[in-house]
Amino acid sequence: MGFSLRELADLCGARLEGDGERIVRGPATLDRAGADEVSFLANPRYAGLMASTRAAGVVVAEDAVVERRDLALLRAEDPNRCFTRVVAAFAAQRPVPEPGVRAGAHVDPGARLGADVSIGPGAVVERDADVGDGAVLLPGSYVGVGASIGAGSTLGAGAALLDGVTVGARCTIHAGAVVGADGFGFEPTREGWVKIPQCGTVVVEDDVEIGANTTIDRARFGATRIGRGTKIDNLVHVAHNVEIGADSVVAAQAGIAGSARIDERVVIGGQVGVAGHVRIASGVRLAGQSGAYGDITEPGDYLDTPARPRREALRRMASAGRAEELAKRVRELERRLERLEGDGR
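Here the structure is a predicted model, which is why all the values come from computation and not from measurement.

**Looking at the pattern of salt bridges**
Under the criterion given, the structure shown has 19 salt bridges. A salt bridge links Arg170 to Asp207, with the nearest nitrogen and oxygen atoms 2.8 Å apart. Of the two residues, Arg170 sits in the loop between β19 (166-167) and β20 (172-173) while Asp207 sits in the loop between β24 (201-204) and β25 (209-210), which places them 37 residues apart along the sequence. With a relative accessible area of 48%, Arg170 lands in the partly exposed category.

**Comments concerning unusual backbone geometry**
In this chain, Thr305 is followed by Pro306 through a cis amide linkage whose omega measures -5 degrees. Within the secondary structure, Pro306 sits in the loop between β39 (300-303) and β40 (308-309). At Asp247, a position not held by glycine, the phi torsion is positive, near 60 degrees. Mapping Asp247 onto the fold places it in the loop between β30 (243-244) and β31 (249-250). For Asp247, a relative accessible area of 37% translates into the label partly exposed.

**Topic: helix α1 (residues 5-12)**
Buried residues of α1: Leu5, Leu8, Ala9 and Cys12, and no others. Looking down the long axis of α1, one finds its buried residues gathered within 100 degrees of arc, a one-sided arrangement. Trailing α1 by a residue or two, Gly13 shows a phi angle of about 75 degrees, which is positive.

**Topic: the packing of α1 against helix α2 (residues 79-91)**
Across the interface, α1 lies against α2 with an axial gap of 9 Å and an inter-helix angle of 120 degrees. As the angle between them shows, α1 and α2 are arranged oblique. Where α1 crosses over α2, the two elements pack in a sense that is right-handed. Touching Leu8, Leu11 and Cys12 of α1 are Cys82, Arg85, Val86, Ala89 and Phe90, all from α2. When its residues are assigned to classes, the contact of α1 with α2 shows seven nonpolar, no polar and one charged.

**As for the packing of aromatic side chains**
Within the structure shown, the criterion is met by three aromatic pairs. A ring pair is formed by Phe3 and Phe90, whose centres lie 5.1 Å apart and whose planes are at 85 degrees; its orientation type is edge-to-face. Note that Phe3 is positioned in strand β1 (residues 3-4) and Phe90 in helix α2, a separation of 87 residues in sequence. When sorted by exposure, Phe3 lands in the same class as Phe90, which is buried. Judged by centre distance (4.4 Å) and plane angle (15 degrees), the ring pair of Phe40 and Phe83 falls under stacked. Placement of Phe40 in strand β5 (residues 37-40) and of Phe83 in helix α2 is noted, with a sequence separation of 43 residues between them. In this structure Phe40 comes out as partly exposed when scored by relative accessible area, which is 27%. Among the residues examined, Phe83 registers a relative accessible area of 8% and is labelled buried.

**Focus on the sheet that holds strand β12 (residues 124-125)**
Here 10 strands make up an open sheet; going across it, the order is β9-β12-β15-β18-β21-β26-β29-β32-β35-β38 and the pairing parallel. Strands with a single pairing partner mark the edges of an open sheet, and in this sheet they are β9 (106-107) and β38 (291-292). As defined by bridge partners, strand β35 (residues 273-274) adjoins β38 across two bridges and the pair is classed as parallel. If you follow Gly273 over to β38, its bridge partner there is Gly291.

**Points about the sheet that holds β19**
Across the sheet, nine strands lie side by side as β10-β13-β16-β19-β24-β27-β30-β33-β36; this open sheet has parallel pairing. Among the strands making up the open sheet, the edge pair consists of β10 (112-113) and β36 (279-280). Of the pairings in the sheet, the one linking β10 to strand β13 (residues 130-131) comprises two bridges and is parallel in character. Across the sheet, Leu113 pairs through a bridge with Val131, a residue of β13.

Cut-offs and rules
Residues numbered from 1 in each chain as written. Predicted model: local features only at pLDDT ≥ 70, side-chain atom pairs only at ≥ 80, totals over all residues. Heavy atoms only, no water. Salt bridge = Lys/Arg side-chain N within 4 Å of Asp/Glu carboxyl O. Helix = DSSP H or I, 4+ residues; strand = E, 2+ residues; numbered from the N terminus. Buried < 20%, exposed > 50% of the residue type's maximum accessible area, 1.4 Å probe, protein only. Arc of directions from axis to C-beta. Axes fitted to C-alpha atoms, helices over the stretch in contact; angles between N-to-C directions. Parallel < 35°, antiparallel > 145°, perpendicular 65-115°, else oblique. Left-handed = near helix turned anticlockwise from the far one by under 90°. Contact = heavy atoms within 4.5 Å. Nonpolar A, V, L, I, M, F, W, Y, C, P; charged D, E, K, R; others polar. Phe/Tyr/Trp six-rings, centres within 6.5 Å; stacked < 30°, edge-to-face > 60°. Pairing = 2+ DSSP bridges.

In structure tokens form, the structure reads like this:
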């Protein structure tokens, strides 16, 4: 299976230069592309690879200067966006599981299955669960008692929706993710830690993507909520009673503590920590490894720990880099002052 370069150019609105009938089988980076693959150049730092790439064709900017004549070019105003469409075309060619309940799956008689549902081997659907039309449950996945997954959604291999949680339509929950485990709540007593009951739920709205091995805890009471269109990377932890607004993005290894509120269109970088009961306003972008320990109420770029506006944080970092030099100068001035005072006596 594959596409001609002409088909790909038409698909992403690019202007083709070169052999449009050549068939390519997939996308690849410039340095690793083979003769039957297509690549792209968006960042000038990789321009040097154009001389040696073996790709059949390359997506480039309209004004890119390319000396090679043996290389087909797909010229586009936005090479990144164009290549994303190319990759999506190849992704769409992946096989889709046929509807039906496979051997080895367990569906409780009290569960409700929509039309054209696909349930893989080893998957479990418990009583009173709802599986929407066209939903796909891959092998080993789990839908708990009273849980629901909406139409057109996919539950990855080994992923679990625990009792009572709700996942909307057109969501993708990748392998190993767990939605609805108990929140981390314990009360210190003289006898030791006593578990606080976690009797709430999780609500995942439509068009959300949740990465592999990410965990989203159920609320102590009420609901942990993931807003429509939000995308969460692998290995993210979302604690109990957190609310994440629509169209936000959370990168890998971030951790959001209990009862934090993340508003709409927030970007949280990798390994960011957000403290409990903190509010992050719409339009905030937290750089990787930042720590948000207090409310951030104004949109913009923030970094460092505790997170500060970008310019302020960069000034502090620059000052810290000069700290050792300044300390040496202070010690030298102290010695000079001591000598002067000694001479005065």
